[in-house]
Amino acid sequence: MSAAFHLGLLNVFGDAIDFIFNQQEARTGQTTVGGPDQVFHLTGQHLKVTFLALGLAVLIALPTGVALGHFRRGEAVAISLGNAGRAVPELALIAFVAAFIGVGLLNVTFALAVLGIPPILTNSYVGVSQVDRNAVEAARGMGMRGLQVVARVELPLAVPTIMAGVRTAAINIIATAALASLAGLSTLGDLILGRNVYGDAGVVAGAIMIALLAITLELGLAGLQWVLTPRGLKVARAGAQARSRQEPRPWMRPRTAPGPRP
Amino acid sequence: MTPMATALAPLVGQVEIHSRTGENAPCQAQQGKVFCLDWAIDNFDRYTTPLLNQLLLVLIAVAIGFVVAFAFAVLSHRQRWLIPTFTAATGVLYTIPSLAFIFLLLPITGLGWETAIIVLSVYTLQIIYRNIVAGLNNVPPESKDAGRGMGMTDRQLLWRVELPLALPEIIAGLRIATVSTVAISTLMVFANVNTLGQPLYQQIDFKTNIVIAGGLSILMAIVLDVMLLLAQRLLAPWRKPSMEAMT
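Residues numbered from 1 in each chain as written. Chains lettered and ligands numbered in written order. Predicted model: local features only at pLDDT ≥ 70, side-chain atom pairs only at ≥ 80, totals over all residues.

Some thoughts on the overall build of chain A
Item 1. Helix and strand counts for chain A come out as 10 helices and 2 strands.
Item 2. Reading the secondary structure of chain A in the N-to-C direction produces α-β-β-α-α-α-α-α-α-α-α-α.
Item 3. Looking at chain A residue by residue over its 262 residues, the buried ones come to 45%.
Item 4. Taking as baseline every contact in chain A between residues at least 6 positions apart, the subset at least 24 positions apart corresponds to 75%. (Helix = DSSP H or I, 4+ residues; strand = E, 2+ residues; numbered from the N terminus. Buried ≥ 20, exposed ≤ 12 C-beta atoms within 10 Å, placed from the backbone. Contact = placed C-beta atoms within 7 Å.)

Right, dumping it as structure tokens:
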């Protein structure tokens, strides 16, 4: 780890920042690349396809998962879909959709939504079906009908689990949106996959932007989850944490078995 | 490695790759044909190296991820404050998309196996760690008391009682980590590693190729998953593998 190494490292990241904020001549000459106009245009495109796909995935998977969970049907399908979804190689999915269905915004949105559906569906199912039976019975006893039970009891109590699925889906989608340029849609992936045009500065700039976008989206969804979680759940969780803090340390616990219970 | 490196080195853009017809011409010419069996049989050997590379990459990455996650899990079993810290740190790393991760490492480790292994093993950390911690937490207090009653020290208790009883959760974590690592490892073609993503990326509009390369990757995930499932049945026969959903 020489000083020169560190200097070189700083240079590449410095060049990448420079690429984001200043237009410059392309490696191939003739044209200019980088600068806020191009980078933010690509960022916008990236976000657009991400939100379209995430919205479509939520629209399809959330009602399906909640319905399955409410009626406690199709556990095997809901769970194994989530497991199978993890095995799908993103690159193959994009290539498959591009070759078999077509390219462009609509097709890429569809491909990315396919990636987002399994975690949302599985988690909606698990979240709703694991809601305490007693809470559901109590709601029915108060005279609530099926849909009211779903909307007022099951959905609110399932928010943390459902949002965990939405966040997983969002990460998958925003990551795979970088491959959209292979299916004829410009996103920040253009910078990453076009090293011969944009150079190392452009590639690293694209990587920085994608990483920032992903972390921002994740934080935003975590905030949304906090807003959506019923206050009762938050209080219960804080209480549980406080209790676990008061637990005696393992080495303070008596080593002998407790005496006979009354 | 070398022919692959030259094929990818400048990532010559999709233009040239897309116009490449040559040897696939007869098969590609049949528009609408989903799968050319003849071509697949004749050319299957071109998938063996990428397949083996990908398998090796997955095994190395999951092994490294497991060792690191295991060490931290055992450490945080005694130092509880480590749990939220390590979970948050690995959570942030997990959020970084793999393509971005590869090229953020470009100025530091360059492209190649090293980068691919770092990226893939970092992604496995969170899920394996969380499952080991959950497994250790789920050990019934009665079992621990029984161990203590037999005069076990903390260390003996950990290795002889707690870890064996946590095996189902630990293997469940390994299964999730392995399956997702197989899927992501196709993307390591962008880190100049000749995985199944290489044939995929090289002829991205050739349907037969996409079906074979994508299918092999999914098959690898399934086979490894089933092997881990069998391992769990052998090592922890007292508990049926649960169909737990963890995301």
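Some words on the overall build of chain B
Item 1. Within chain B one finds 12 helices and 0 strands.
Item 2. Counting helices and strands in the order they occur from the N terminus, chain B gives α-α-α-α-α-α-α-α-α-α-α-α.
Item 3. Counted over contacts in chain B with a minimum sequence separation of 6, partners at least 24 positions apart contribute 76%.

Some words on the interface of chain A and chain B
Item 1. Taken together, the contact pairs 48 residues of chain A with 43 residues of chain B.
Item 2. Looking at the side of chain A that touches chain B, the elements with two or more residues in it are α1 (3–21), α3 (75–87), α4 (90–100), α5 (105–129), α7 (146–176), α8 (189–193) and α9 (195–228) of chain A.
Item 3. Take the side of chain A that touches chain B: its biggest share by element is 13 residues, from α9 of chain A.

Looking at the packing of helix α5 (residues 48–78) of chain B against helix α10 (residues 154–185) of chain B
Residue and element names in this part refer to chain B.
Item 1. Their axes nearest at 10 Å, the elements α5 and α10 cross at an angle of 145°. You can see that α5 and α10 cross each other, and the crossing is right-handed. Each of Q54, L57, V58, A61, V62, G65, F66 and V74 in α5 lies in contact with α10, whose residues at this interface are L158, L174, A177, T178, T181, V182 and S185.
Item 2. Counted by class, the contact of α5 with α10 contains 10 nonpolar, 5 polar and no charged residues. (Axes fitted to C-alpha atoms, helices over the stretch in contact; angles between N-to-C directions. Left-handed = near helix turned anticlockwise from the far one by under 90°. Nonpolar A, V, L, I, M, F, W, Y, C, P; charged D, E, K, R; others polar.)

A few points about unusual backbone geometry
Glycine aside, the phi torsion of most residues is negative, and most peptide linkages are trans.
Item 1. We note that R72 of chain A has phi near 50°; this positive angle belongs to a residue other than glycine.
Item 2. As for its position among the elements, R72 of chain A is in the loop between α2 (35–71) and α3.
Item 3. In this structure, N192 of chain B takes a positive phi of about 65° despite not being glycine.
Item 4. Inspection of the secondary structure assignment puts N192 of chain B in the loop between α10 and α11 (197–202).
Item 5. For N192 of chain B, a count of 21 C-beta atoms within 10 Å puts it in the buried group.

Details of the nonpolar core
General note: in soluble globular proteins, nonpolar side chains tend to be found buried as a group.
Item 1. Core analysis: the largest hydrophobic core is formed by 139 residues, its most contacted members being I94, A95, A205, A207 and I210 of chain A together with L99 of chain B.
Item 2. If one sorts the elements of this core by residue count, α7 of chain A sits on top with 15 residues. (Core = buried A, V, L, I, M, F, W, Y, C linked by C-beta atoms within 7 Å.)

Section: the confidence of the model for chain A
Any region with low pLDDT has predicted coordinates that should not be read closely.
Item 1. Taken over all residues, the pLDDT of chain A has a mean of 83, while the share at 70 or more is 85%.
Item 2. Within the model, the stretch residues 245–262 of chain A combines pLDDT values under 50 with 4 contacts to residues more than four positions away or in other chains. (pLDDT = per-residue confidence, 0-100.)

Focus on α9 of chain A
Item 1. Between the first and last C-alpha of α9 of chain A there are merely 42 Å, a value that for 34 residues lags more than 12% behind the 50 Å anticipated at 1.5 Å per step.
Item 2. Approximately 70° is the largest bend angle found in α9 of chain A, and it occurs at A201 of chain A. (Expected span 1.5 Å × (residues − 1). Bend = angle between axes of the 7 residues up to and from the residue.)

Overview of the confidence of the model for chain B
Residues and elements named next belong to chain B.
Item 1. Summarising the model, chain B shows a mean pLDDT of 83, and 83% of its residues fall at 70 or more.
Item 2. Of the regions scoring below 50 in pLDDT, residues 1–21 engages in 20 contacts with residues more than four places distant in sequence or in other chains.
Item 3. Across residues 243–247, confidence stays below pLDDT 50; counting only partners more than four residues off in sequence or on other chains, it has 13 contacts.
Item 4. Scored as a complex, the prediction yields pTM 0.83 and ipTM 0.80.

Remarks on the environment of R80 of chain B
Residue and element names in this part refer to chain B.
Item 1. Of note, R80 is situated in the loop between α5 and α6 (82–95).
Item 2. For R80, a count of 14 C-beta atoms within 10 Å corresponds to the partly exposed category.
Item 3. The spacing of R80 and V161 is 81 residues in sequence and 19 Å in space, taken between C-alpha atoms.

A look at the packing of α2 of chain A against α9 of chain A
Helix-helix packing is characterised by the crossing angle of the two axes and by the distance between the axes.
Residues and elements named next belong to chain A.
Item 1. In the contact formed by α2 and α9, the axes pass within 11 Å of each other and the chain directions differ by 40°. As summarised for this structure, α2 and α9 are arranged oblique, according to the angle between their axes. Handedness of the α2/α9 crossing: right-handed. Facing α2, whose interface residues are V39, T43, H46 and L47, α9 presents A205, M209 and L213. (Parallel < 35°, antiparallel > 145°, perpendicular 65-115°, else oblique.)

Brief notes about the environment of G74 of chain A
Item 1. With respect to the secondary-structure elements, G74 of chain A resides in the loop between α2 and α3.
Item 2. When the C-alpha positions of G74 of chain A and G34 of chain A are compared, they lie 50 Å apart, and in sequence the two are 40 residues distant.

Brief notes about the environment of F21 of chain A
Residues and elements named next belong to chain A.
Item 1. Considering the arrangement of structural elements, one finds F21 in helix α1.
Item 2. Its 11 C-beta neighbours within 10 Å are what place F21 among the exposed residues.
Item 3. Sequence separation of F21 and D37 is 16 residues, and the distance between their C-alpha atoms is 8.7 Å.

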